[in-house]
Amino acid sequence: MSTDLVIIRPAPGAGKSARAAKREGFTPIVHSMFEAKPLRWEPPAPSLYDAIIASSANALRLGGPALAALQDLPVHAVGEATASAARALGFTVGVVGENGIEALARTISTDYPQRFLRLAGRNHIELVEPGMLIDTMLVYAVDPVPMPAPLKQRLAKGDVTVALHSPRAARHFANECERLELDRGAIALAALSGNVAEAAGQGWQAVHIAEAPDDAHLLSAAAALAKP
């Protein structure tokens, strides 16, 4: 199979994945099928909270001027990219997670009693951690867009692997393939997790699931598909 690897996740994650793919010998083909955009929001009184939970780097990159009102609150970040975005805006960073928002919540839940303001996207994982006081503010959205014509043309040629980073991305990609009457049997998938693979449905040329939910293991899954 070709080493062409299609990446459909939104920026800035798409660029990060593409750079990692290129280092591993792939030819990354980036066609984001999602558009990230800010939402209008009003910051609550910072005195009500002890810290911010940032669900993604986009929460900070797209949060806009309203973030200035929260500048004195420390940020607990879901990962290093989110922590870097917080530091770039002048925030003090507390805990930096490694395994998703739920693991981050468990890590900081020992600091009771505290109240947290979570900055999140419109489509987000509900965060329920027993005993934690969390208010969620929606500050950005990542909305699906139709498959671009150049991507349709590349997929129609077959002999290609598509990297899928979330169940939402998998469902959108599968629906677009169906709408455009693309042959699933000519497209292989590298899925970040079993849930992602399940969301994509059946009928693909092959599906490999990453052994851990990160880009390095996702690329290993893609590499297995690329072997003759």
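A brief structural summary. (Residues numbered from 1 in each chain as written. Predicted model: local features only at pLDDT ≥ 70, side-chain atom pairs only at ≥ 80, totals over all residues. Heavy atoms only, no water.)

Quick word on the pairing of strand β2 (residues 27-30)
Looking at chain direction, strand β1 (residues 4-7) and β2 are connected through four bridges and run parallel. Among the inter-strand pairings, Leu-5 is bridged to a residue of β2, identified as Pro-28. (Pairing = 2+ DSSP bridges. Helix = DSSP H or I, 4+ residues; strand = E, 2+ residues; numbered from the N terminus.)

Examining the layout of surface pockets
Approximately 2,000 Å³ is the volume found for the largest pocket. What lines the largest pocket is a set of 47 residues, and nearest its centre among them are Arg-9, Ser-55, Ser-56, His-165 and Leu-192. Secondary-structure elements contributing two or more residues to the lining of the largest pocket are α1 (13-23), α2 (57-61), α3 (80-88), α4 (101-108), β7 (115-121), β8 (133-144), α6 (167-179) and α7 (194-200). Grouping the constituent residues of the lining of the largest pocket by class yields 18 nonpolar, 17 polar and twelve charged. Lys-16, Ala-20, Arg-23, Glu-24, Phe-26, Asp-215, Ala-216, Leu-219, Ser-220 and Ala-223 are the residues that line the second largest pocket. Secondary-structure elements contributing two or more residues to the lining of the second largest pocket are α1 and α8 (215-226). Looking at which element gives the most residues to the lining of the second largest pocket, the answer is α8, with five residues. Looking at side-chain class alone, the lining of the second largest pocket contains five nonpolar, one polar and four charged residues. (1 Å grid on protein atoms, 1.4 Å probe; cavity = no way out; pocket = protein on both sides within 12 Å on 5 of 7 lines; lining within 4 Å. Points joined across faces, edges and corners; volume = space filled by probe spheres on them. Nonpolar A, V, L, I, M, F, W, Y, C, P; charged D, E, K, R; others polar.)

With respect to unusual backbone geometry
Even without glycine at this site, Asp-159 takes up a positive phi of about 55 degrees. The phi dihedral of Glu-181 falls on the positive side, at around 60 degrees, and the residue is not glycine. Along the chain, Glu-181 falls in the loop between α6 and β10 (187-191).

Quick notes on the sheet that holds strand β3 (residues 34-38)
Taken in spatial order, the six strands of this open sheet run β3-β8-β7-β4-β5-β6, and their pairing is mixed. Across the chains shown, the open sheet's two edge strands, defined by having one partner strand only, are β3 and β6 (93-96). In this sheet, neighbouring strand axes are inclined to one another by 25 degrees on average, regardless of whether the strands run parallel or antiparallel. Summarising the sheet, strand β5 (residues 75-77) and β6 pair through two bridges and their orientation is parallel. Across the sheet, residue Val-75 finds its bridge partner in β6, namely Val-93. (Axes fitted to C-alpha atoms, helices over the stretch in contact; angles between N-to-C directions.)

Considering the packing of aromatic side chains
Using the criterion set out here, one finds one aromatic pair in the structure. Both rings, one in Phe-173 and one in Trp-204, keep their centres 5.7 Å apart while their planes meet at 25 degrees; by these two values the pair is stacked. Of the two residues, Phe-173 is situated in helix α6 and Trp-204 in the loop between α7 and β11 (206-209); the sequence distance between them amounts to 31 residues. Trp-204 shares its class with Phe-173; the two are buried. (Phe/Tyr/Trp six-rings, centres within 6.5 Å; stacked < 30°, edge-to-face > 60°. Buried < 20%, exposed > 50% of the residue type's maximum accessible area, 1.4 Å probe, protein only.)

Quick notes on the pattern of salt bridges
Within the structure shown, the criterion is met by seven salt bridges. A salt bridge links Asp-215 to Arg-9; the nearest nitrogen and oxygen atoms lie 3.7 Å apart. One end of the pair, Asp-215, is in helix α8; the other, Arg-9, is in the loop between β1 and α1, with 206 residues separating them in the sequence. The class of Arg-9 is partly exposed, set by a relative accessible area of 25%. What emerges from the salt-bridge pattern is a single network uniting Lys-37, Arg-122 and Asp-143. (Salt bridge = Lys/Arg side-chain N within 4 Å of Asp/Glu carboxyl O.)

Points about α3
Residues Thr-82, Ala-83, Ala-85 and Ala-86 constitute the buried set of α3. Looking straight down α3, one finds its buried side chains confined to an arc of 160 degrees; they lie on one side. Contact partners of the buried residues in α3: β4 (51-54), α2, β5 and β6. Directly after α3, the chain includes Gly-90, whose backbone phi takes a positive value near 90 degrees. (Arc of directions from axis to C-beta. Contact = heavy atoms within 4.5 Å.)

Considering the nonpolar core
Ile-8, Leu-119, Met-147, Leu-155, Val-162, Leu-164 and Phe-173 are the most contacted members of the largest nonpolar core, which totals 65 residues. Once you skip the residues sitting within four places of it in the chain, Leu-155 turns out to touch Val-6, Met-147, Val-160, Val-162, Phe-173, Leu-182 and Ile-187. Counting ten residues, the second largest nonpolar core, distinct from the first, contains Ala-51, Ile-101, Ile-108 and Met-132. (Core = buried A, V, L, I, M, F, W, Y, C linked by side-chain atoms within 4.5 Å.)

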